[in-house]
Amino acid sequence: MNDFVRKIFNKEQRKTIMEVILTPFAWLYGAGVWLRNTAFKLGILRQESFEVPVVSVGNITVGGTGKTPFVEYIVEELCHSYHIGVLSRGYKRHTKGFIMARETLGPKDLGDEPYQIYRKFLGMITLAVCEDRRQGIREMLKLDPKINLILLDDAFQHRYVKPKVNIVLVDYNRPPHTDRLLPLGTLREPFRHILKADIVIVTKCPSDISPLDMKLWKKNLDLYPSQEMFFSRIEYAYPKPVFPVADVLLQNLSMLGPNDLILGLTGIANQRPFVKYLRNFHAQVKVIHYDDHHDYTREDFKYIIKIFNDLQGARKFIVTTEKDAVRILNNPYFPHEMRSYIYYVPIKVSVNVTEKDFITHLESAIHAPEE
């Protein structure tokens, strides 16, 4: 059917047909969002506040805004001043209910992103997963009463908890003011709901973003004067081996030349920035991409290794994302003989200092008196 449509209609006509088909579903989705929000406004559905300040980090679009690196950025900046508890739903984990992270658990127990955060800050934070955020917070505080700051991961739509600070991330490459509701676009809720946020972060900005570009973003989002807006970018570090190896064969991507080859491996929502980064270097780049949170199977690795072996290059390496590395490290199917050839690129967030410093403003908001 799809091939038939492609042959009969041009690109614009196909786009129009899809819009006609999907528009009623977008209306139904929007009506559902409106009913839910109205129920909260009328008190039919109730929000719960906690004595410990809660900072929510979320988005209004589906995936790929750089939420996990931003949570890690906040943890890194504040973990020496606060005893932080991080609570996530644990998307695509193979477990249910409340689970407190511990060293014997893996990505299938916690979800790949929470596990990545836990592993990176081992011994410095308390982390748990729970679908019911209210129950999750209660259980965390019961098990670790020293917690004096809670970060809620991906909780902008989870309105049962009333956060002290609501942070929303938007992707520089996917402006929400030009987007549309699911399934026509990627918006989880109408664009103007961004006005519920206390702080808006434009993520994945170019390193040379201009003051004019920032001004245009502020104009297009049209936030309230009480809302603060910041701009952040992703910074890539030197590659690290996914598995412990005796000899690190790839210390810097710039050491590779035009006769060398990188097989990029991704299972993330938006692979384009990562692939663009790999293509900055001299080596040839081929990419294998899977869906976000992909659970690699034995057959996947057979296919990946076959492609890798068939590629021609003086030196060859598999380079993956930090998020994928967590899943691959804990996967028993990755061939032992290939462990020296797979590396991941760590990333971190850097926030542009504009009129205000983000962390200073965040701490002020955390300590601000309740209205």
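Residues numbered from 1 in each chain as written. Predicted model: local features only at pLDDT ≥ 70, side-chain atom pairs only at ≥ 80, totals over all residues. Heavy atoms only, no water.

**So, the nonpolar core**
Here's step 1: Ranked by size, the top nonpolar core spans 39 residues in total, and within it Phe 70, Ile 74, Ile 167, Phe 358 and Leu 362 carry the most contacts.
Here's step 2: Of all the elements, helix α3 (residues 67-78) adds the most residues to this core, at 6 residues.
Here's step 3: In this structure Ile 74 touches Val 57, Leu 151, Ile 167, Phe 358 and Leu 362, once residues within four positions along its chain are discounted.
Here's step 4: If you look at the next biggest cluster of nonpolar residues, it comprises 21 residues, including Leu 265, Ile 305, Ala 325 and Met 338. (Core = buried A, V, L, I, M, F, W, Y, C linked by side-chain atoms within 4.5 Å. Buried < 20%, exposed > 50% of the residue type's maximum accessible area, 1.4 Å probe, protein only. Helix = DSSP H or I, 4+ residues; strand = E, 2+ residues; numbered from the N terminus. Contact = heavy atoms within 4.5 Å.)

**Let's talk about the layout of surface pockets**
One way to see where empty space is left: roll a probe the size of a water molecule over the atoms.
Here's step 1: Of the pockets and cavities examined, the largest pocket occupies roughly 1000 Å³.
Here's step 2: Lining the largest pocket are 45 residues, with Gly 63, Gly 64, Glu 113, Asp 292 and Lys 323 sitting closest to its centre.
Here's step 3: At the level of elements, α3, α5 (112-120), β8 (228-236), α8 (272-278) and α10 (322-329) are the ones that each hand at least two residues to the lining of the largest pocket.
Here's step 4: Considering every element that reaches the lining of the largest pocket, the biggest residue donor is α5, with 4 residues.
Here's step 5: Its residues assigned to classes, the lining of the largest pocket shows 14 nonpolar, 15 polar and 16 charged.
Here's step 6: Along the wall of the second largest pocket there are 32 residues; nearest its centre are Lys 162, Pro 163, Lys 164, Val 165 and Asp 198.
Here's step 7: Elements supplying a minimum of two residues to the lining of the second largest pocket: β1 (54-59), β6 (165-171) and α11 (358-367).
Here's step 8: The dominant element in the lining of the second largest pocket, judged by the number of residues it contributes, is α11, at 3 residues.
Here's step 9: For the lining of the second largest pocket, the class distribution of residues is 15 nonpolar, 9 polar and 8 charged. (1 Å grid on protein atoms, 1.4 Å probe; cavity = no way out; pocket = protein on both sides within 12 Å on 5 of 7 lines; lining within 4 Å. Points joined across faces, edges and corners; volume = space filled by probe spheres on them. Nonpolar A, V, L, I, M, F, W, Y, C, P; charged D, E, K, R; others polar.)

**Considering the packing of α5 against α10**
The packing of two helices is summarised by the inter-axis angle and the distance between the axes.
Here's step 1: Orientation of α5 relative to α10, taken along the N-to-C sense of each, is 90°, at an axis distance of 9 Å. Classed by the angle they form, the pair α5 and α10 counts as roughly perpendicular. Along its contact with α5, which presents Asp 112, Glu 113, Tyr 115, Gln 116, Arg 119 and Lys 120, the element α10 presents Glu 322, Lys 323, Val 326, Arg 327 and Leu 329.
Here's step 2: Taken together, the residues of the contact of α5 with α10 sort by class into 3 nonpolar, 1 polar and 7 charged. (Axes fitted to C-alpha atoms, helices over the stretch in contact; angles between N-to-C directions. Parallel < 35°, antiparallel > 145°, perpendicular 65-115°, else oblique.)

**Side note on the packing of aromatic side chains**
Here's step 1: Applying the stated criterion to the full structure yields 15 aromatic pairs.
Here's step 2: Ring centres 5.5 Å apart and planes at 20° place the aromatic pair Tyr 296 and Phe 301 in the stacked group. Considered together, Tyr 296 and Phe 301 belong to a single accessibility category, that of buried residues.
Here's step 3: Here Phe 308 and Tyr 341 contribute two aromatic rings whose centre-to-centre distance is 6.3 Å and whose plane-to-plane angle is 50°, an arrangement assigned as tilted. (Phe/Tyr/Trp six-rings, centres within 6.5 Å; stacked < 30°, edge-to-face > 60°.)

**Things to note about α10**
Here's step 1: By the criterion of burial, α10 is predominantly enclosed, with 7 of the 8 residues buried.
Here's step 2: Taken together, the buried positions of α10 are occupied by Glu 322, Lys 323, Asp 324, Ala 325, Val 326, Arg 327 and Ile 328.

**Focus: the sheet that holds β8**
Here's step 1: As summarised here, the arrangement of the 9 strands in space is β3-β4-β2-β5-β1-β6-β7-β8-β14, forming an open sheet in which the pairing is mixed. Of all strands in the sheet, those bounded by a partner on one side alone are β3 (99-100) and β14 (347-351).
Here's step 2: Contacts from helix α6 (residues 133-143) reach β1, β2 (84-88), β3, β4 (126-129) and β5 (149-153) within the one sheet, and its direction differs from that of β2 by about 150°. (Pairing = 2+ DSSP bridges.)

**Quick look at empty space enclosed by the protein**
Here's step 1: Counted under the stated rule, the structure contains 2 cavities of 30 Å³ or more.
Here's step 2: Taken together, Thr 65, Gly 66, Thr 203, Lys 204, Ser 232, Arg 233, Ile 234 and Val 349 form the lining of the largest cavity.
Here's step 3: Per-element tally for the lining of the largest cavity: the top contributor is β8, with 3 residues.
Here's step 4: Space inside the second largest cavity adds up to approximately 30 Å³.
Here's step 5: Arg 119, Val 242, Ala 325, Val 326, Leu 329 and Tyr 344 are the residues that line the second largest cavity.
Here's step 6: With 3 residues, α10 is the largest single contributor of residues to the lining of the second largest cavity.

**Some words on the sheet that holds strand β12 (residues 316-321)**
Here's step 1: As summarised here, the arrangement of the 5 strands in space is β9-β13-β12-β10-β11, forming an open sheet in which the pairing is mixed. On the outer flanks of this sheet lie β9 (240-241) and β11 (284-289), each paired with one strand and no other.
Here's step 2: Strands β10 (261-266), β11 and β12 of the sheet are contacted by helix α9 (residues 298-310), whose axis makes an angle of about 140° with β12.
Here's step 3: On top of the sheet, α10 reaches β10, β12 and β13 (342-345); it is set at about 105° to β12, its chief contact.

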